Amino acid sequence: MKLHHFFRSGTSHRLRIALNLKGLTVEHIPVDLRREEHLGEAYRAVNPQMLVPALEHGGQTFIQSPAIIEWLEERHPDPPLLPAGADARAQVRALAALVGCDIHPVNNRRILEYLRHQLGCDEAAVNAWCATWISAGFDAYEALLARDGARGAFSFGHAPTLADVYLVPQVESARRFQVDLARWPLISAVDAACAQLPAFREAAPAAHAQ
Ligand SMILES: N[C@@H](CCC(=O)N[C@@H](CS)C(=O)NCC(=O)O)C(=O)O
């Protein structure tokens, strides 16, 4: 498998965590978003959407991190990223979607570039934008963690799940936008628990910095 990714991209980060949790190794192909390599013709041929990550396997190229992670889960079910039972699965998928559908997309690079260049926002306004949507999502995530009485150290149950795969990169991104994480002690504790595990540590942006 070949993974096209950028060290600081949250969606790439979540895919690296999922691959590590599954014990899978890949060839790493860095795509530098700072140099806009994803907007060049070479990368367009890999992913016409011109976003990272993309995963090549068996002559096929997979895009969209949620679809790739589901594909991994189907192809490599052990260890599972989803719990047993439809109700529990819905809970974990909801946590992941809260991050993947409602926090990450509005803070993506191209959105921030539009704010800067089309709408004339300065860096303070851009950071305030990011902090607003991260905070709204994390307030809800924290409340969901608080009301789950059966939870251990992770977002759900006693082992890492899809929810943690999505949460940890978003926490990393919140740090980058200088959002004060003290407001969300349960999220911070989950992030710390994940950081104990090699699968998460070895997927971190710092371990892949270019
Ligand atoms: N829904 C897509 C989103 C992918 C995405 O937005 N990737 C970001 C990096 S985290 C990207 O390539 N951004 C480039 C840009 O915004 O110019 C996925 O989950 O794979």
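These numbers come from a predicted model, not from an experiment.

### Section: the site of the ligand
Inference 1: Every one of the 16 residues lining the ligand counts as a neighbour, but Val 52, Gln 64, Ser 65, Asn 108 and Arg 110 are closest to it.
Inference 2: In the model, an oxygen atom of the ligand is placed 2.8 Å from a nitrogen or oxygen of the His 38 side chain.
Inference 3: The separation between an oxygen atom of the ligand and a polar side-chain atom of Ser 65 is 2.6 Å.
Inference 4: Those elements that provide at least two residues to the shell around the ligand are helix H1 (10-21), helix H3 (65-75) and helix H5 (109-117).
Inference 5: Residue contributions to the shell around the ligand peak at 3 residues, all from H1.
Inference 6: Among the residues making up the shell around the ligand, the classes are represented as 5 nonpolar, 8 polar and 3 charged.

### Concerning the pattern of salt bridges
Inference 1: On inspection of all chains with the given rule, the structure shows 11 salt bridges.
Inference 2: Of the charged contacts in the structure, one is a salt bridge between Arg 35 and Glu 37, with a shortest N-O distance of 3.9 Å.
Inference 3: What makes Arg 35 exposed here is its relative accessible area of 64%.
Inference 4: Bridged by salt links that share partners, the residues Asp 32, Arg 34, Arg 35 and Glu 37 form one connected network.

### Structural notes on helix H4 (residues 86-103)
Inference 1: If you check H4, its first and last C-alpha atoms are 24 Å apart, about what 18 residues at 1.5 Å a residue would give, namely 26 Å.
Inference 2: Where H4 is buried, its residues meet H1, helix H6 (123-146) and helix H7 (162-176).

### Details of the domain arrangement of the protein chain
Inference 1: Splitting the protein chain by domain gives domain 1 (2-78) and domain 2 (86-201).
Inference 2: Taken over C-alpha atoms, the centre of domain 1 sits 20 Å from the centre of domain 2.
Inference 3: Between domain 1 and domain 2, the residue contacts involve 18 residues of the former and 15 residues of the latter.
Inference 4: Seen at the junction of domain 1 and domain 2, the total is 1 salt bridge.
Inference 5: The residue Glu 36 makes a salt bridge to Arg 109 at a minimum N-O spacing of 2.5 Å.
Inference 6: When residues of the side of domain 1 that touches domain 2 are traced back to their parent elements, those giving at least two are H1 and H3.
Inference 7: Per-class residue counts for the side of domain 1 that touches domain 2 are 8 nonpolar, 7 polar and 3 charged.

What counts, and at which threshold
- Residues numbered from 1 in each chain as written.
- Predicted model: local features only at pLDDT ≥ 70, side-chain atom pairs only at ≥ 80, totals over all residues.
- Heavy atoms only, no water.
- Near = heavy atom within 4 Å.
- Polar contact = N/O pair within 3.5 Å; in protein donor to acceptor, adjacent residues only side chain to side chain.
- Helix = DSSP H or I, 4+ residues; strand = E, 2+ residues; numbered from the N terminus.
- Nonpolar A, V, L, I, M, F, W, Y, C, P; charged D, E, K, R; others polar.
- Salt bridge = Lys/Arg side-chain N within 4 Å of Asp/Glu carboxyl O.
- Buried < 20%, exposed > 50% of the residue type's maximum accessible area, 1.4 Å probe, protein only.
- Expected span 1.5 Å × (residues − 1).
- Contact = heavy atoms within 4.5 Å.
- Domains from an automatic or database assignment.

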